[in-house]
Amino acid sequence: MLNEKTDIKSMTLSELEVFITEVLGEKKFRAKQIYEWMHVRLVDSFDEMTNLSKDLRKKLSERCVLTHLEIVEKYVSAIDGTAKYLFKLSDDRIIESVLMHYKHGNSVCISSQVGCRMGCRFCASTLGGLERQMLASEMLDEIYQIQKDSGERVSNVVVMGTGEPLDNYDALVRMIEILTHAPGLDISQRNVTVSTCGLVPKIYELADLKMQITLAISLHAVNDEKRRELMPIANTYSIEEILKACRYYYSQNNRRITFEYSLVKGVNDSREDAKALAALLEGMNCHINLIPVNPIEERDYRQTEADAVLKFKNMLEKYGRNVTIRREMGRDIQAACGQLRKKYMEQSVKREG
Ligand code: SAH
């Protein structure tokens, strides 16, 4: 525990009811009131819970913590209005989240861990390793603070920020439960996407929960050998095992799987790669999302050129696959993949040093 006080914002309503009645000795209806203050009105302090007595508010602040994040910096893209937030957690650690505006609504991309231990070669978020897990309440508050700050309703949540969500499985599931049920923001599970590098046993566990969320798999290569060069996790789970788990997920949830494929020049972007990718996903109800890799300073990976990306897409389509190219958003504010957080941390080391 970060704090000896109870993190009641990570509790489901039924857990909070037990806590309020059995631990605090209060009436059950108080739980619903407190829950609504936290997850509907999105307040940051017990003092704002004005329909509770002063005594109860005092008791709450002595025994519990109302987790909330603090905005330390915010950048808004002049190109497309994408907003990137750097948040401070209660132990002063920094995470980042992004708000993107689409025709279908506002989407927030959240982090699920402080740092990451998966070690994908092209990713900036993993360079410093895993600092710590995030709490369900902290993940929720990324969404809550952005909704409050922007004054716009968040309709979609993608767990594609820093961290491997299935490596923080219990907190992730808890977060989705609170996020997608009333009272709360009550976001449709169909509007929640969880992206994973492919932790196979956890994909099975998630499938068995039968939640209607979209599973996105970071594939990035068409055979294990190539995948191992880009993603250390490929030493643990093969592509075949991942695809088998995906078929199981589909059988349980009937949700089309997304495969993410970051195109790295000269590494995984040839005609043969496109052909092999199409063959690999033959017969699967899926969607392929091509992401031209965002180069990071520490590695010598380059982005596939735009016309080659199109060719790759056309090739996949020729074989009947469903493909989109990820629209790059907020390039002017380093909105991609952990770059901003990393830059901020480097600068604070300089500031302190
Ligand atoms: N750990 C999860 C989610 C976080 S990353 C996962 O692996 O899926 C979200 C997506 O961005 C993943 O597909 C990841 O591989 C990709 N990504 C990370 N860094 C990237 C970069 N520099 N360029 C392009 N895609 C990147």
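It should be noted that the structure appears before, not after, this text.
Cut-offs used in this document
- Residues numbered from 1 in each chain as written.
- Predicted model: local features only at pLDDT ≥ 70, side-chain atom pairs only at ≥ 80, totals over all residues.
- Heavy atoms only, no water.
- Helix = DSSP H or I, 4+ residues; strand = E, 2+ residues; numbered from the N terminus.
- Rg over C-alpha atoms; globule rule 2.2 N^0.38 Å.
- Buried < 20%, exposed > 50% of the residue type's maximum accessible area, 1.4 Å probe, protein only.
- Contact = heavy atoms within 4.5 Å.
- Areas by Shrake-Rupley, 256 points an atom, 1.4 Å probe, with all protein chains shown as cover.
- Lys, Arg positive; Asp, Glu negative; His and termini not counted.
- Charge placed at Lys NZ, Arg CZ, Asp CG, Glu CD.
- Phe/Tyr/Trp six-rings, centres within 6.5 Å; stacked < 30°, edge-to-face > 60°.
- Arc of directions from axis to C-beta.
- Near = heavy atom within 4 Å.
- Polar contact = N/O pair within 3.5 Å; in protein donor to acceptor, adjacent residues only side chain to side chain.
- Nonpolar A, V, L, I, M, F, W, Y, C, P; charged D, E, K, R; others polar.

Novice: Before we go on, may I ask you to explain the overall build of the chain in this structure?
Specialist: When helices and strands are tallied, the chain shows 11 helices and 14 strands. Since a compact globule built from 353 residues should have a radius of gyration of about 20 Å, the 21 Å found for the chain is in line with a globular shape. Along the longest, intermediate and shortest principal axes, the C-alpha atoms of the chain span 70 × 50 × 40 Å. Buried residues in the chain amount to 54% of all 353 residues. When contacts within the chain are restricted to residue pairs at least 6 apart in sequence, those whose partners lie at least 24 apart make up 66%. A total of about 16100 Å² of accessible surface is found on the chain, and carbon and sulfur atoms cover 47% of it. Taken as two groups, the 50 positive and 51 negative side-chain charges of the chain have centres that lie 3 Å from each other.

Novice: Where do I start with the packing of aromatic side chains in this structure?
Specialist: Here a ring pair, both rings aromatic, is described through the centre-centre distance and the interplanar angle of the planes. What the rule picks out here adds up to 3 aromatic pairs. Here tyrosine 85 and phenylalanine 87 contribute two aromatic rings whose centre-to-centre distance is 5.7 Å and whose plane-to-plane angle is 5°, an arrangement assigned as stacked. For tyrosine 85, a relative accessible area of 0% puts it in the buried group. On the basis of relative accessibility, which here comes to 0%, the residue phenylalanine 87 falls in the buried class. Geometrically, the ring pair formed by tyrosine 261 and phenylalanine 312 is stacked, given 5.4 Å between the ring centres and 25° between the ring planes. In this pair, tyrosine 261 is assigned in strand β12 (residues 257–263) and phenylalanine 312 in helix α10 (residues 306–318), connecting sequence segments 51 residues apart. Neither residue differs from the other here; tyrosine 261 and phenylalanine 312 are each classed as buried.

Novice: Honestly, helix α1 (residues 13–23) in this entry has me stumped. Any pointers?
Specialist: Side chains that are three or four residues apart share a direction in an α-helix, a result of its 3.6 residues per turn. Of all the residues in α1, the buried ones are Leu13, Leu16, Phe19 and Ile20. Viewed along the axis of α1, the buried residues span an arc of 120°, placing them on a single side of the element. Contact partners of the buried residues in α1: β1 (6–7), α2 (29–39), α3 (54–63) and β2 (64–65). Phi turns positive one or two residues past the end of α1, at glycine 25, with a value near 65°.

Novice: Please explain the site of the ligand as it appears in this structure.
Specialist: Taken together, 18 residues form the shell around the ligand, and within it Phe122, Ser195, Ser218, His220 and Asn294 come nearest. Between the ligand and histidine 220, the relevant distance is 2.6 Å, taken from an oxygen atom to a side-chain nitrogen or oxygen of the residue. When contributions to the shell around the ligand are tallied by element, the ones reaching two or more residues are β10 (192–196) and β12. For the shell around the ligand, a count of residues per class yields 8 nonpolar, 8 polar and 2 charged.

Novice: Quick question: what am I supposed to make of unusual backbone geometry here?
Specialist: Trans peptide bonds make up most of the peptide bonds, and negative phi angles are found at most residues other than glycine. A cis geometry characterises the amide bond from alanine 182 onward to proline 183, with omega recorded as -5°. In this model, aspartate 186 sits at a positive phi of 55°, which is unusual for a non-glycine residue. Relative to the helices and strands, aspartate 186 resides in the loop between α5 (169–179) and β10. Positive phi values are uncommon outside glycine, yet asparagine 254 reaches one of about 55°. Residue placement: asparagine 254 occurs in the loop between α8 (239–253) and β12. Asparagine 254 gets classed as exposed once you look at its relative accessible area, which sits at 59%.

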